[in-house]
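# Commentary on secondary and tertiary structure
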Amino acid sequence: MIGNQDTESMLGTRTIFNGIHSSEIFTSETVSLPELGPGEILVKVRLASICMSDVHTITGHRIEPTPSVLGHEAVVEVVTHRRPESDLSEGDRLTFSVADCCNKCEFCLKGLNQKCTKLFKYGHAKLSDGSGFNGCYASHIILRRGTHVVKIPDIIPDRCAAPINCSLATTMCAMEFVPKIKNGRAFIQGDGILGLYTCAALRELGYDTVYCSGMRIRRSEFIDRFGAIPLYNDEVLHEEINKIDVVVEVCGVSAVVNDGIRLLKPGGLYLFLGMVHPHSELNITGEQIIRKCLTIKGIHNYAPRHLDQAVDFLEKTIQKYPYDEVMGPAYALSDLSAAMKLSIEKVYSRVLVKPNMT
Amino acid sequence: MSGGRILLRIFSHGKSRVSEWFHSVQTKNKLKTDPISGARTVFNGVDSKTMFAPQNIPLPELAPGEILAKVRLASICMSDVHTITGHRIEPTPSVLGHEAVVEVVDHRRPESNLAIGDRLTFSVADCCGNCEFCLKGLNQKCVKLFKYGHAKLSDGSGYNGCYATHIILRRGTHVVKIPDVISDRCAAPINCSLATTMAAMEHVPKIKNGRAFVQGDGILGLYTSAALREHGFEKVYCSGTRLQRSKFIDRFGAIPLYNDEVLHEETNKIDIVVEVCGVSSVVNDGFRMLKPGGIYLFLGMVHPHSQLNITGEQIIRKCLTIQGIHNYAPRHLDQAVQFLAKTIRRYPYEEVMGPTYDLPDLPAAMKLAIGKQYGRVLVKPNMVN
């Protein structure tokens, strides 16, 4: 039977995050990989990408349980598994759901798996939770039985595959709420990887005009190649007031919301994705929302179906958009600190970490 | 200017003269069988010397598509109260009043099945039917929107509001016949309160063992409670102020609460929260109660002092939906009539309504409406049977 490999003899390396006040923020250890439980998959991390939420964790803007292995975006490769009913093979490249869920609570059953009552999130879990090989800044990760996985088609290289299971899947989740609108007009507030992916997704959905704004100090040079009209975040688009069908907040800054509301046409939709932190006070009135019959939708993480949609979307559009070019350099696991430092600067959409020689 | 001081001015301006005049108009109408003239009460603005001025003006000829209707019974919507107390600005001079059950006197809609004497409700929003918003079913935001009770006298016929003996319904106005089982008192608020409730309900999914919290116990809150119960929601809470809470909440299917009660046991457990009280400070409590994936409907806070004290994080982390509901589309008027016909005996629709005033007593009616003792205060401009 495939996957009957004895894992106990194998070693894995992981970089542990001890918290920002620790004398050693990151420590590296090499330990034996535990035996797999039923339904689990042992994978090696081919390429991980540093999500901005990890940057917020290591800069102290976000609190996560410690000690832990961070990192939740990665393309991985099957080493061995205990899912006999699946069609998984050793060597398969996979993406996997950041949220491990139970599939039978009220939230899983209504398709909001990311809010599962027994939620476990890779890269956000204490070392003592489960196997301890819970994050992507490691040579291996053990995927739990409730974790949805999707095979990566050959046409998608590792560099493009790494951000699928956070950025791109979250984008797909957001898109689930976007109606197909004839001559649709959208405004993306933010030009990080979420912003760029969202631009492409809206264009693929048939939106005619997509604006994407970034900061004057540093705006992505790829906005137009992701199908959008580049703007600066201090530009007031007077001609589009009351004319935008969908506004998407993907910059994490609450001050943009007033502009977004102003741009939206009656009946328009505002998606909030980025402001997942406490300093996101909104300076808006109920009247603004009511008079324009607006819909505001909060998007946090995604459900298993969005991972499938993300892979399909990427496969279909891999040649159309510069997915590879927006990615930054790849660092060895031992250079995680340097990689993090580069991420903070936001020069690249993603900085990569390659824990294994593959 | 405070509501009280305004009303002092209304009362001091020749009420007895107004009564005389109206009495003579009514007498004239009893003697003549064809209503050439109508009476209307014109609102001149809160700062005007004569805030309400009655007029007796010939009714214009009907244009194609129009309906001449006599107002059987009008109800005073809180938005009119806000207008006459200065919290809301509407174009003046105008005839206020937009909630009413009316009766066909004459019409120019040959393709319809309207007959003289038909009791109707009508869409507050007169719309074009072919702009982008009408075409996507958001008629209340029509680019050529005209709203009865919110339009200047000089706009169209001038018989544009319900505080009048007659109203001329324009060609773009959707109308629905009122079934006999629905009395005038129950029918009057259909075309604002109940239709708006139907518009809100369009965003409410059918949820097994659904739990809802309705923040506000005015007529919108009571109707929403009933609508949620009819939709299958198991548990509906409805909160009112300690100072004056409706005694009908439980009879509209909801569990009565006070607005300062914190329902700890329902934290993260409510599927739908509906704001129908106009107070923005309730929103934080609403967010607390909503479960992940929950929906918040905003209906009441249609005024500038509705500052929200919330974070984007709260909305994102719980994957919440906030939906603003303003007015409604033609289909919601049909749904409202059907809903009311179906449930007319189940809920005390009649009992929540207040007393009826004659048109000359509009100021007194408004004063009572400000007090919020009743679901609605009524105005009856005509002698009707």
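Residues numbered from 1 in each chain as written. Chains lettered and ligands numbered in written order. Predicted model: local features only at pLDDT ≥ 70, side-chain atom pairs only at ≥ 80, totals over all residues. Heavy atoms only, no water.

### Focus on the overall build of chain B
Each helix and strand in chain B was counted, giving 11 helices and 17 strands. Dimensions of chain B, computed from the C-alpha atoms along their principal axes, are close to 65 × 50 × 40 Å. Considering chain B as a whole, with its 385 residues, one finds that 59% of them fall into the buried category. If you take every contact in chain B between residues at least 6 apart in sequence, the share linking residues at least 24 apart comes to 70%. Of the accessible surface of chain B, which amounts to about 15,700 Å², a share of 52% is contributed by carbon and sulfur atoms. If the 46 positive side-chain charges of chain B are averaged to one point and the 35 negative ones to another, these points end up 1 Å apart. (Helix = DSSP H or I, 4+ residues; strand = E, 2+ residues; numbered from the N terminus. Buried < 20%, exposed > 50% of the residue type's maximum accessible area, 1.4 Å probe, protein only. Contact = heavy atoms within 4.5 Å. Areas by Shrake-Rupley, 256 points an atom, 1.4 Å probe, with all protein chains shown as cover. Lys, Arg positive; Asp, Glu negative; His and termini not counted. Charge placed at Lys NZ, Arg CZ, Asp CG, Glu CD.)

### So, the overall build of chain A
Within chain A, the secondary structure is distributed over 9 helices and 17 strands. On C-alpha atoms alone, chain A measures out to a radius of gyration of 20 Å, which is about the 21 Å that the 2.2 N^0.38 rule sets for 358 residues. Dimensions of chain A, computed from C-alpha atoms along their principal axes, come out at roughly 65 × 45 × 40 Å. Of all 358 residues assigned to chain A, the portion counted as buried reaches 61%. Of all intrachain contacts in chain A linking residues separated by at least 6 positions in sequence, the fraction that spans at least 24 positions is 70%. (Rg over C-alpha atoms; globule rule 2.2 N^0.38 Å.)

### Concerning the domain arrangement of chain A
Note: interface size is frequently given as the accessible area lost on complex formation between the parts. All names here are of chain A. Considered domain by domain, chain A is made up of domain 1 (11-165 + 302-354) and domain 2 (178-298). Placing a centre on the C-alpha atoms of domain 1 and another on those of domain 2 gives a separation of 28 Å. Listed by partner, the interface residues are 16 residues for domain 1 and 12 residues for domain 2. Taking both partners together, domain 1 and domain 2 bury about 1,300 Å²; carbon and sulfur atoms supply 62% of that area. (Domains from an automatic or database assignment. Buried area = accessible area lost by both parts, 1.4 Å probe.)

### Remarks on helix α6 (residues 193-201) of chain B
Because an α-helix packs 3.6 residues into every turn, residues spaced three or four apart end up facing the same way. Residue and element names in this part refer to chain B. Across the 9 residues of α6, 9 count as buried, placing the element largely inside the fold. Every buried residue belonging to α6 is among S193, L194, A195, T196, T197, M198, A199, A200 and M201, and all of these are buried. Close packing links the buried residues of α6 with β4 (99-107), α7 (219-230), β14 (290-298), α10 (330-343) and β17 (376-380).

### A few points about the domain arrangement of chain B
Residues and elements named next belong to chain B. For chain B, the domain assignment lists domain 1 (37-193 + 329-380) and domain 2 (204-324). Using C-alpha coordinates to define each centre, domain 1 is positioned 28 Å away from domain 2. Of the roughly 1,400 Å² buried between domain 1 and domain 2, counting both surfaces, carbon and sulfur atoms make up 63%. For the pair domain 1 and domain 2, the number of links is 5 residue pairs in polar contact (both at pLDDT 80 or more). (Polar contact = N/O pair within 3.5 Å; in protein donor to acceptor, adjacent residues only side chain to side chain.)

### With respect to the pattern of salt bridges
For side chains bearing opposite charge, pairing can occur when the charged atoms are close. All names here are of chain A. Within this structure, the stated rule accounts for 40 salt bridges over all chains. A salt bridge links D158 to R46, with the nearest nitrogen and oxygen atoms 2.8 Å apart. Here the residue D158 occupies a position in helix α3 (residues 158-161), and R46 occupies one in strand β3 (residues 41-49), the gap between them amounting to 112 residues. Where R144 meets D100, a salt bridge forms, and the shortest distance between an N and an O atom there is 3.3 Å. Taken together, the positions of R144 in the loop between β8 (140-143) and β9 (149-151) and D100 in strand β6 (residues 99-100) put the pair 44 residues apart, joining distant regions of the chain. The class of D100 is buried, set by a relative accessible area of 7%. Within the structure, one salt-bridge network assembled from shared partners comprises K44, R46, E77, R93 and D158. (Salt bridge = Lys/Arg side-chain N within 4 Å of Asp/Glu carboxyl O.)

### As for the UniProt feature "domain: Glucose dehydrogenase C-terminal" (unreviewed entry) in chain A
Sequence positions flagged by UniProt for "domain: Glucose dehydrogenase C-terminal" (unreviewed entry) are, in local numbering, residues 182-343 of chain A. The span residues 182-343 of chain A is 29% helix and 25% strand, and its two end C-alpha atoms sit 38 Å from each other. (UniProt positions renumbered as here; feature names shortened; annotations may be inferred.)

### Concerning the interface of chain A and chain B
Taken residue by residue, the interface counts 37 residues in chain A and 36 residues in chain B. Of the roughly 3,000 Å² buried between chain A and chain B on both sides combined, carbon and sulfur atoms contribute 59%. Together, I290, R291 and C293 of chain A form the three largest contributors to the area buried by chain A at its contact with chain B, with a combined 21%. Inspection of the chain A/chain B interface yields 2 salt bridges. The interface formed by chain A and chain B includes 22 residue pairs in polar contact (both at pLDDT 80 or more). The leading source of residues in the side of chain A that touches chain B is helix α7 (residues 286-291) of chain A, at 5 residues.

### Topic: the packing of aromatic side chains
Tallied over the full model, the rule gives 19 aromatic pairs over all chains. A connected cluster of aromatic rings, assembled from ring pairs, spans Y197, F226, Y321 and Y323 of chain A. For R219 of chain A, the ring lying beneath its charged end belongs to Y232 of chain A, and the centroid distance is 3.9 Å. When the ring centre of Y159 of chain B is taken as origin, the NZ or CZ atom of R40 of chain B, which lies over that ring, is 4.8 Å away. (Phe/Tyr/Trp six-rings, centres within 6.5 Å; stacked < 30°, edge-to-face > 60°. Lys NZ or Arg CZ within 6 Å of the ring centre and 35° of its normal.)

### Overview of the UniProt feature "domain: Alcohol dehydrogenase-like N-terminal" (unreviewed entry) in chain A
Residues annotated by UniProt as "domain: Alcohol dehydrogenase-like N-terminal" (unreviewed entry) correspond here to residues 37-154 of chain A. Between the end C-alpha atoms of residues 37-154 of chain A the distance is 29 Å, and the span holds 9% helix and 28% strand.

### A short note on the pairing of strand β5 (residues 93-96) of chain A
Residue and element names in this part refer to chain A. On β5, burial covers both faces: R93 and T95 on one face and L94 and F96 on the other are all buried. Here 2 bridges tie strand β4 (residues 73-81) to β5, and the two strands are oriented antiparallel to one another. Note on β5: the bridge partner recorded for E77 is R93. Relative to β9, β5 runs antiparallel, the two sharing 3 bridges. Looking at the pairing, F96 lines up with V149 of β9. (Pairing = 2+ DSSP bridges.)

### Overview of the pairing of strand β11 (residues 235-240) of chain B
Residue and element names in this part refer to chain B. Across the 6 residues that make up β11, a large majority, 5, are buried. Handedness of the crossover joining strand β10 (residues 211-215) and β11 through α7 is recorded here as right-handed. Pairing analysis gives 4 bridges linking β11 to strand β12 (residues 255-258), with the strands arranged parallel. By the bridge assignment, G240 is partnered in β12 with Y258. (Right-handed = clockwise from strand over helix to strand, strands pointing away.)

### A look at the UniProt feature "domain: Enoyl reductase (ER)" (unreviewed entry) in chain B
Within the UniProt annotation, "domain: Enoyl reductase (ER)" (unreviewed entry) is assigned to residues 45-379 of chain B. Annotation note: span residues 45-379 of chain B, helix share 21%, strand share 25%, distance between end C-alpha atoms 20 Å.

### Structural notes on the sheet that holds strand β11 (residues 209-214) of chain A
Reading across from one edge, β12(A)-β11(A)-β10(A)-β13(A)-β14(A)-β15(A)-β15(B)-β14(B)-β13(B)-β10(B)-β11(B)-β12(B) is the order of the 12 strands in this open sheet, with mixed pairing throughout. Each having just a single partner strand, β12 (229-232) of chain A together with β12 of chain B make up the two edges of the open sheet. Between one strand and the next, the sheet's axes are offset by a mean angle of 20°, whatever the strand orientation. As paired elements, strand β13 (residues 244-249) of chain A and strand β14 (residues 264-272) of chain A share 5 bridges and run parallel to each other. Following the sheet pairing, V246 of chain A is matched in β14 of chain A by L269 of chain A. Contacting β10 (185-189), β11 and β13 of chain A, helix α5 (residues 193-204) of chain A crosses the sheet at an angle of about 170° to β10 of chain A. (Axes fitted to C-alpha atoms, helices over the stretch in contact; angles between N-to-C directions.)

### Examining the confidence of the model for chain B
All names here are of chain B. This prediction gives chain B a mean pLDDT of 92; 91% of its residues lie at or above 70. Confidence drops under a pLDDT of 50 for residues 8-20, and excluding neighbours within four residues, the segment shows 16 contacts in the predicted structure. A low-confidence stretch, residues 27-33 stays under pLDDT 50, and its non-local contacts, those more than four residues away or across chains, total 2 contacts. For this predicted complex, the interface confidence score (ipTM) comes to 0.96, while the overall pTM stands at 0.93. (pLDDT = per-residue confidence, 0-100.)

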